[in-house]
Amino acid sequence: MALRMGKDSSSFASGPGGRGRSATLARAFRALPPAHREILTETVFRRRSVDQAADALGVPVAEVKIRVHQALHALRAALERPWPTAG
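Quick caveat: nothing in here was measured; it's all calculated off a predicted structure.

(A) Quick peek at helix H2 (residues 34–45). Where H2 is concerned, the buried positions are His36, Ile39, Leu40, Glu42 and Thr43. The arc enclosing the buried residues of H2, seen along the axis, measures out at 165 degrees, which places them on a common side. Relative to its buried face, H2 has exposed residues pointing more than 90 degrees away, namely Pro34 and Phe45. Positive backbone phi, at 55 degrees, marks Arg47, one or two positions downstream of H2.

(B) Structural detail: the packing of helix H3 (residues 50–57) against helix H4 (residues 61–80). Where H3 meets H4, the axes come as close as 8 Å, and the angle between the chain directions of the two elements is 105 degrees. Considering their axes alone, H3 and H4 lie roughly perpendicular with respect to each other. In this structure, H3 contributes Val50, Asp51, Ala53, Ala54 and Leu57 to the contact, and H4 contributes Val61, Val64, Lys65 and Arg67. In terms of residue class, the contact of H3 with H4 is built from six nonpolar, no polar and three charged.

(C) How the structure looks around the packing of H2 against H3. In contact at an axis separation of 9 Å, H2 and H3 are set at 130 degrees when each is read in the N-to-C sense. As summarised for this structure, H2 and H3 are arranged oblique, according to the angle between their axes. As for the relative orientation of H2 and H3, their crossing is right-handed in sense. Between H2 and H3, the residues in contact are Glu38, Ile39, Glu42 and Thr43 and Ala53, Ala56 and Leu57, respectively. Here the residues of the contact of H2 with H3 are counted per class, giving four nonpolar, one polar and two charged.

Definitions and limits used
- Residues numbered from 1 in each chain as written.
- Predicted model: local features only at pLDDT ≥ 70, side-chain atom pairs only at ≥ 80, totals over all residues.
- Heavy atoms only, no water.
- Buried < 20%, exposed > 50% of the residue type's maximum accessible area, 1.4 Å probe, protein only.
- Helix = DSSP H or I, 4+ residues; strand = E, 2+ residues; numbered from the N terminus.
- Arc of directions from axis to C-beta.
- Axes fitted to C-alpha atoms, helices over the stretch in contact; angles between N-to-C directions.
- Parallel < 35°, antiparallel > 145°, perpendicular 65-115°, else oblique.
- Contact = heavy atoms within 4.5 Å.
- Nonpolar A, V, L, I, M, F, W, Y, C, P; charged D, E, K, R; others polar.
- Left-handed = near helix turned anticlockwise from the far one by under 90°.

Take a look at the structure:
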């Protein structure tokens, strides 16, 4: 089973303001706990299926699914959090 992020996920940084959105996403990702960054790296950035990520991490498939859900929830919360502005 492959993880799908949605049809618009590849164009997050495209269009007007794309760099700002990419920077915001990168900042939110870096703010996540290491375990959340690890699971998102395996499934999203390395484009591994849930089965492949489970093998790579040495955990059951069900655990990968739970971790991905938790990590995406945490990422969403981090993206909704107001960030201090430079100035």
